[in-house]
Amino acid sequence: MAHERLMALAAAALLLTATQAHAAPCGNSSAGFDKWKRIFAQEAQANGIGQRGVQALMGTTYSVGTIRADRGQKSFKLGLDQFMAKRGGPAIAAKGKRIKQQNAALFNAIQQRYGVPAGPLIAIWGMETGFGSFMGNQNVLSAVATLAYDCRRPEYFTGHLYAALQLVDRGILNPAQRGAMHGEVGQTQFLPKSILLYAVDGDGNGVIDLNSKADALASTANFLRGKGGWQPGAGYQPGQPNFAALQEWNAAGVYQQAIAIIGRQIDGG
């Protein structure tokens, strides 16, 4: 645990420095992407990114699909009932109850270590990837680099790009890794900075693999505790202490409420 905290602190310090130093000009089309990469690569080297990371960055391509997905997140504008229906909330809750029973030992171990019960973890898992049925087919580095270059949210995704390059340098992230359209990875869809700061080995095999349900679910619990300040034993419905942790997972209000509702149904509350 102490080693995990030290690694997270070191990663956070580098990410803060890197984000503050970022000066590569953003763009709203593919036209300036190659020039931006060259400037960003120089900055990245100056901020401690190694040769493997820089080479991976230079191998990225502008992703039109990622930009299209970023501009088209219409479901988050729906009302709660419409959102739940569109995302299959009742089906996730029904299957989630069975998954909780089938994996009782895993969820008990996660709750004992992180204080997070099964319900919200299973709700996130079902909402993000349909319990691992589809984890995306977009090149992760190209997606994150495209969004760091794009003018809509460059500062936010610059931090994730630096994290991705650090993960490449450490051999944790393969430059060919596939994921979701915004560069999310694994069963519960972690962005690179969250991998760097919160990913853990949930099955004790010595390897962190977010395609593994044990690692993904333990990492999600670690995120909710580490970033969201999860309080063991407290409630997670709107107005209760742990709802703030769900708000850290996703910025959309309907998504946060859906996790709380589905989680409560799974936990039997």
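(A) Examining the overall build of the protein more closely. Counting its regular elements, the protein contains 14 helices and two strands. Relative to its 269 residues, the protein shows a buried fraction of 50%. Counting only contacts in the protein whose residues sit at least 6 apart along the sequence, the fraction spanning at least 24 positions is 70%.

(B) Inspection of helix α9 (residues 140–149) at higher detail. The buried fraction of α9 amounts to 10 of the 10 residues, a majority that puts the element mostly inside the structure. Of all the positions in α9, only Val-140, Leu-141, Ser-142, Ala-143, Val-144, Ala-145, Thr-146, Leu-147, Ala-148 and Tyr-149 are classed as buried. Its side-chain oxygen at 3.2 Å from the backbone nitrogen of Leu-141, Asn-139 defines the N-terminal cap of α9.

(C) Region of interest: the packing of helix α2 (residues 33–46) against helix α10 (residues 154–169). Relative to each other, α2 and α10 sit at 65°, their axes nearing to 12 Å. Between α2 and α10, the interaxial angle falls into the category roughly perpendicular. As for how α2 packs across α10, the hand of that crossing is right-handed. Along the contact surface, α2 presents Trp-36, Phe-40, Glu-43 and Ala-44, while α10 presents Thr-158, Leu-161, Tyr-162 and Leu-165. Class assignment for the residues of the contact of α2 with α10 results in six nonpolar, one polar and one charged.

(D) The packing of helix α7 (residues 104–114) against helix α12 (residues 213–226), seen in detail. At their nearest, the axes of α7 and α12 sit 10 Å apart, and the two run at 25° to each other. Classified by the interaxial angle, the pair formed by α7 and α12 is roughly parallel. By crossing handedness, the relation of α7 to α12 is classed as right-handed. On α12, the residues that touch Leu-106, Phe-107, Ile-110, Arg-113 and Tyr-114 of α7 are Ala-214, Leu-217, Ala-218, Ala-221, Asn-222 and Arg-225.

(E) Broad picture of the pattern of salt bridges. For the structure on display, the rule yields seven salt bridges. A salt bridge links Asp-70 to Arg-153, with the nearest nitrogen and oxygen atoms 2.8 Å apart. Of this pair, Asp-70 sits in helix α4 (residues 64–71) while Arg-153 sits in the loop between α9 and α10, and the two are 83 residues apart along the sequence. Assessed through its relative accessible area of 29%, Arg-153 is described here as partly exposed. Residue Lys-100 is joined to Asp-267 by a salt bridge in which the shortest nitrogen-to-oxygen separation is 3.3 Å. Separated by 167 residues along the polypeptide, Lys-100 in helix α6 (residues 89–102) and Asp-267 in helix α14 (residues 253–267) bring together distant segments of the chain.

(F) Examining the packing of aromatic side chains more closely. Applying the stated rule across the entire model yields 15 aromatic pairs. Ring centres 5.6 Å apart and planes at 20° place the aromatic pair Phe-33 and Trp-36 in the stacked group. Highlighted residues: Phe-33 and Trp-36, both in helix α2, separated by three residues, approximately one helical turn. The buried category is assigned to Trp-36, whose relative accessible area is 1%. Centroid distance Trp-36 to Phe-40: 4.9 Å. Interplanar angle 40°. Geometry classified as tilted. Here the residue Trp-36 and the residue Phe-40 both occupy positions in helix α2, the gap between them amounting to four residues, near one helical turn. The buried category is assigned to Phe-40, whose relative accessible area is 0%. Within the aromatic cluster, the residues linked to one another by ring pairs are Phe-33, Trp-36, Phe-40, Tyr-62, Tyr-149 and Tyr-162.

(G) Summary view of the state of the cysteines. This structure, assessed with the given rule, holds one disulfide. Across the disulfide from Cys-26 sits Cys-151; the S-S distance is 2.1 Å. Sign of the S-S torsion, about 95° for the bond between Cys-26 and Cys-151, identifies this disulfide as right-handed. Of this pair, Cys-26 sits in the loop between α1 (2–21) and α2 while Cys-151 sits in the loop between α9 and α10; the two residues are 125 residues apart in sequence, bridging distant segments of the chain. We classify Cys-151 as partly exposed; its relative accessible area is 28%.

Reading the values: the criteria
Residues numbered from 1 in each chain as written. Predicted model: local features only at pLDDT ≥ 70, side-chain atom pairs only at ≥ 80, totals over all residues. Heavy atoms only, no water. Helix = DSSP H or I, 4+ residues; strand = E, 2+ residues; numbered from the N terminus. Buried < 20%, exposed > 50% of the residue type's maximum accessible area, 1.4 Å probe, protein only. Contact = heavy atoms within 4.5 Å. Polar contact = N/O pair within 3.5 Å; in protein donor to acceptor, adjacent residues only side chain to side chain. Axes fitted to C-alpha atoms, helices over the stretch in contact; angles between N-to-C directions. Parallel < 35°, antiparallel > 145°, perpendicular 65-115°, else oblique. Left-handed = near helix turned anticlockwise from the far one by under 90°. Nonpolar A, V, L, I, M, F, W, Y, C, P; charged D, E, K, R; others polar. Salt bridge = Lys/Arg side-chain N within 4 Å of Asp/Glu carboxyl O. Phe/Tyr/Trp six-rings, centres within 6.5 Å; stacked < 30°, edge-to-face > 60°. Disulfide = S-S within 2.5 Å.

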